[in-house]
Structure formats: structure tokens, C-alpha cells
Amino acid sequence: MSAPGEHLLHFTLGPVQGFVAEARRLRDFWAGSFLLSWLSGQAMRAVIEAGGTIVFPQVEGDLLLGAIRNGGTGPRAGTLPNRFRARVAETFDPQTCADAVNAAWLRLAEEVWNGFVEDVASLGQGTREIWDRQIGHFWEIAWVKGADPGDGTDAAWLDRRKNWRSHWPAGEERSDLCMMMGHLQEISGCQRFGGAAQQQAFWQALQEKVKVLNLREDERLSAVALVKRLFPLLKGEEMQRALGFRIAKNVCNWPSTAYLAAVPWLDRLTNTEFEDARKKYAQAASDRLKPGYKGETNTTVFGFPDKDFFKLDGQLYNEDGIVALPEEAFRGDAKKARADLQAALKNLLQKQAGAPSKFYALLLMDGDRIGALLRNDPELVKKGLAVFAAKVVDEFAQDNVHRGLLIYAGGDDVMAMLPVDTAISAAHELRAHYDAAFHEANAGADVPEATMSAAIVFAHYKTPLRHVIERAHHYLDEVAKEENGRDSLALAAMKPGGISCEWVSCWGDGENGPAQLLAKMARQMRRDPEFAGSFFHALRDRYGPLFDDGGGVEPAVGSKMMKALIRYEYLHSGKAKAENVDDAVRDLMTIGQPLERKSGNISQREDFSFDAGLMVRFLSRAGLWEQEAQDG
């Protein structure tokens, strides 16, 4: 219960998906998440400075909130959620929180305007008016304040409040629209129909000011999108004035999705036997590409040497990436320069005996039924999530064995980008941290109801990032949580044409869980990908029609029949060994009939998932897995 004269305050800031998920590159994705967390911290600071206390989440020792309050150097990852619960004086006006958010946002936006846009604004039509309208009316802020009911029912206050819509965008957003946030107008104010030359002049001038590395020729953005894109370029005192602190690490030169996909391949190339080939290719790229197209990737997060080859833009490691470069990217004769660079890459690949993967992984994780846990034991949840978030940050900040990029870690939410090879093991590791955090918070006793769900989308690097983010949220919320009963991991392979296969299971027993077994099989199949392809396609093509949607076969009968059919196909595959057949049948049945939760109980599914084999086949080809396969 609140002390006399105290009230509870619930505060939320959005739109989340409308700000974070609208991204064209990894830096945009990070920037949206970081800024949302930073703005939430402004509201928290307003509460604390007015004598209030943040009840949830636990913010004591949070590095981001510490930087917001005290200045100095702040972390790169956002760690504060977009909603919080606080105890405040009965006389506290929640508008103070909203004012703090808006003031910080306007301050940041003005630094971006002054640093990059002001000098070219005269080339547009009403650019400042568009800027002020979009910046001044973007955020949706809601709060509820009242006396503590004492029974936890205040947890539903915000959900009821959000049903009362009170935020309306100001003014008309005309075409042409922003290429990142399609509901907003791009800021030149010019129309391609009848004003194309003026529009082009505006964006060319802005592009020259910020360099092509930060704004491609085809990118015409809104004010909100430009703040996301350009604020990392603020330096020194500008960053200090904008954020109130300086970010600890380089936030300008984020790797591309193509680079992230290539990380295991690049790891192999650190071997000194490839040094000469690396140098020759890096020199070829430097000779034939203009600086803005060569890349300046921050390699330190992966532990790679800070040298020219490892700093290249990820698409330069792929022949189709070179083909996609515009003519203006090259020095001199573009046709000859492109052909020379392709030849240099071919020489590198031949010497290296392999090509990088074209796929990377987006991992989303979220605690299950946190609201119910909060109502039952708010202190336990508060302590458990604080321990968990700190462990997640440590997991990516120290040795970074998963070779991933942490985008956000706050409360029970995690967003990270990883290579294909490490994504499943990283998800299991973080889930183990979640269990351990609640175990620690509960004085060494387990908390069985504190479960976590996750989704991993393995996506081709050319797939628009916003589509990958949308699908990841779908698989987390609707597949792992709703369809499979929570406490689950959902996987999806997203090729340029769409989803090629999907799979979901409860976590199971750590390293022996279904998803870990699936990854182990992918490592094994990497040694013979042709066998993996023919075997799993044969299973699906021959027997899929019989078992899909029951196919008229009772589940119990179908399970026994499926075992017999797998045994038959395995023995007649031409490459399998008879002494391995029992293990193969067991493993395939484990991943083909993964775990699901129904009515609180976990059991194997009765139907057989042919997508399980296709997922193994996909992972064996999309990942390198080489070192693990040799070791295993």
C-alpha cells in the first residue's frame, strides 16, 4: 500500500513498433530502440527529481538512467522499457513526465536540424514547417495516477487508459512519402510530379553534407526518420547537448546485415594463411570504389582486426552485392571497375575455398505473463528482471562468444542480431540466464512460472529489415506464445520469396532440447548437404500428403508409421550407415514432433512436422558450422 499522501503512477510512451521497427538498416533499428529507451528515462528522471520512486522496473544501477541523470558517458544499448510504475506524491502532475520527454526530443531534433538540415532547408518547400509538425506531434504519451488499490489491479490501468485515444497527428502528410516511415511526408516538401529537379537538388545537397554512407541516393526521409538516421553523427559537445551525455562506443559505423551474415566466414579469414588474399581484395576495393561505398564497419564488437578488409561493407563480400552497387559507386569506368572487383572477389573466394552465408538471424525474447507475476510478487519480478538484464548485457559486452549485436536489453525484453550459426545457442543461453536470475532473486529457489519465449527469424540480407522485424514479432507473439502455449522458441527461414519453413517447440532440457538437437543435426548435415536435401525432401514429398492435416491417419498410428518410414528412407538413402539408424530415427522424431504446452503441461506433439527436416536442411546450408562439425 502507498504511504499517506502517495499515489501510484503508470506511464507509457509510444508508438513502439511505429518507431523502432521502421528501419532500413541496422543502425536505424538500434537508433529507434535506443531513443525510445532514452526518452522513457527522461520521464523516469522527472519522477525521481520530484521525490518519487520508480517501483518497476528496478533502475538502481542502470547505466542509461545514470547517464541521463548525471551526464558523463552512457551505454550503447537501451536498457529502460517504454513503460514504468512509480510512487509519487498525490500532488505530482504526470504532465511533468510528458513535458520532460517532449523537451528532450525537441532538443535532440534541433541539434540534428542545426547540424545537418538547416543549411539545405532553403532548397525545399516549407521544410521547416514539415519538420516542426512531424517532430512536435509524433509521440503518444499516456499515464494513469491514483491511490494504490492494494490488490495489484492497478496493473490494468494503462491498458484501459490506452483504449481512450487522445493522440491525433497534426496536419496533413502529403506525398511524396518517407521511404522509412511511410505514413510521414519526406521533408523537402517537393513533389516528383512537377518538382523532381528541386526535390533532387535538396536531397543531393543533404547527401553531400552527411556523406553517402549515411544517406543513399534513393533515400528521401521524414523528420522523425532523419533524427533516427543522423543523430549518431553528432559529435562531442553536440552529442552532449542532445542526449545529456556521450555514448561510450562508436554508434556510426554499424555493420550491415550482409556483414553480420558473413561473420563466421570472416572469422575463418582472420587466419594468417589468408592475409595476402585479404590485402589484395581490400586494395582492389579501395582502388575501384569511392570512399562512401567502401564501408567503415566497426569491427571491434566482433573482435576482428581493425584493418581495411574487415572494415568493408558486407555486401562487398558477395558477388551479387557488387552487382547491386550503383554506377556512381565506382571510380572511372564503372563497367570495368565492377568487373575488376568481381574478379578480385572470385580470386579471394577460390583461395579461401568457400563463400560467406547470405543469411543472418534476428532474435526476439520476451518473458511470459509478466503482468500476472507482477500482481503476485512484484518485488521478485523487479529483482529477477534487473539481474537478467545485467546478464544479457554482459553476455554481449565481454567475450561476445555468440558474435552478435545487442540492440536492446530492458526488463524481460531482448533484441539481438546474430549469425545463423550461433543464434539458437544464444537463445538457449539467455533463457538459462532468465531462469537463473529468478532463481537468484527467489533466494535460491526455482520459479517455475517465470518462463520466457523467443523467436528467431533467419533472413536473407537483402530482405527489407522492417519485414524481418514484423515477422519476428509475429513468430514470438502468435506462434511461440499463443499457438505453442509459451515457454517456447519459434524458428522461421525467410528467403527473398518469403517464409520457406517454420518450426516451434518448448525449450526442453537445455543442451538436449529439440532446438539444440536441430542445430546439432544441421552441423552434422553440413558435411553432406546433398544428403540432407534429398533425404528431407523425399520425406516431405512422398509422405507429406498422407500426414498433413491428419491425412486420415490417427495420430498414434501415424507416429508409429512415421518411425518406420523414416527408418526405410534412411536405410535406402545410399549414404546413411545402418548402425546409425536408431539414433537418426530418434532424433528425427524428436524434432519432427516437438514439444508444446497445453493446459500447463508440456508434451510431444502428436502430428509430425515435415518443416523440421527442411529447417535442418536450411540451417546446414545457410550456416557455416565448419569448426563445430570438425570438433564434433
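None of the values given here were measured: they were computed from a predicted structure.

A. Structural context of the overall build of the protein. In terms of regular secondary structure, the protein is built from 25 helices and 14 strands. Scaling as 2.2 N^0.38, a compact globule of 632 residues should have a C-alpha radius of gyration of about 26 Å, and the protein matches this with 26 Å. Going through the 632 residues of the protein one by one, you find that 55% of them count as buried. A fraction of 73% describes how many contacts in the protein between residues 6 or more apart in sequence connect residues 24 or more apart. Here the protein has roughly 27,000 Å² of accessible surface; of this, 48% comes from carbon and sulfur atoms. Distance between charge centres in the protein, computed from 75 positive and 87 negative side chains, equals 4 Å.

B. Region of the structure containing the sheet that holds strand S2 (residues 53-56). Read across the sheet, four strands follow the order S2-S4-S1-S5 without closing on themselves; strand pairing throughout is antiparallel. At either end of the open sheet lies a strand with only one pairing partner, and these are S2 and strand S5 (140-146). Averaged over all pairs of adjacent strands, the angle between strand axes in this sheet comes to 30 degrees, irrespective of strand direction. Pairing geometry for strand S1 (residues 6-14) and S5, over seven bridges, is antiparallel. Of the residues in S5, the one forming a bridge with threonine 12 is alanine 142.

C. Structural context of a negative patch on the surface. Taken together, the side chains of Glu217, Asp218, Glu327, Glu328 and Asp333 define an acidic patch exposed on the protein surface. Within the element layout of this structure, aspartate 218 appears in the loop between helix H7 (192-210) and helix H8 (223-230).

D. Highlighting the confidence of the model for the protein. The share of residues in the protein with pLDDT of 70 or more is 92%, and the mean pLDDT across the chain is 89. Across residues 627-632, where pLDDT falls below 50, the model places five contacts with residues more than four positions away in sequence or in other chains.

E. The arrangement of helix H20 (residues 514-525) in detail. For H20, with 12 residues, the first-to-last C-alpha span of 16 Å sits near the 16 Å given by 1.5 Å per residue. Among the 12 residues of H20, nine are classified as buried, and the element is accordingly described as predominantly covered. Within H20, the full set of buried residues consists of Pro514, Ala515, Gln516, Leu517, Leu518, Ala519, Met521, Ala522 and Met525.

Here is what the cut-offs are and how they apply
- Residues numbered from 1 in each chain as written.
- Predicted model: local features only at pLDDT ≥ 70, side-chain atom pairs only at ≥ 80, totals over all residues.
- Heavy atoms only, no water.
- Helix = DSSP H or I, 4+ residues; strand = E, 2+ residues; numbered from the N terminus.
- Rg over C-alpha atoms; globule rule 2.2 N^0.38 Å.
- Buried < 20%, exposed > 50% of the residue type's maximum accessible area, 1.4 Å probe, protein only.
- Contact = heavy atoms within 4.5 Å.
- Areas by Shrake-Rupley, 256 points an atom, 1.4 Å probe, with all protein chains shown as cover.
- Lys, Arg positive; Asp, Glu negative; His and termini not counted.
- Charge placed at Lys NZ, Arg CZ, Asp CG, Glu CD.
- Pairing = 2+ DSSP bridges.
- Axes fitted to C-alpha atoms, helices over the stretch in contact; angles between N-to-C directions.
- Patch = residues over 30% accessible without salt bridge, like charges linked within 9 Å, V, L, I, M, F, W, Y side chains within 5 Å.
- Salt bridge = Lys/Arg side-chain N within 4 Å of Asp/Glu carboxyl O.
- pLDDT = per-residue confidence, 0-100.
- Expected span 1.5 Å × (residues − 1).

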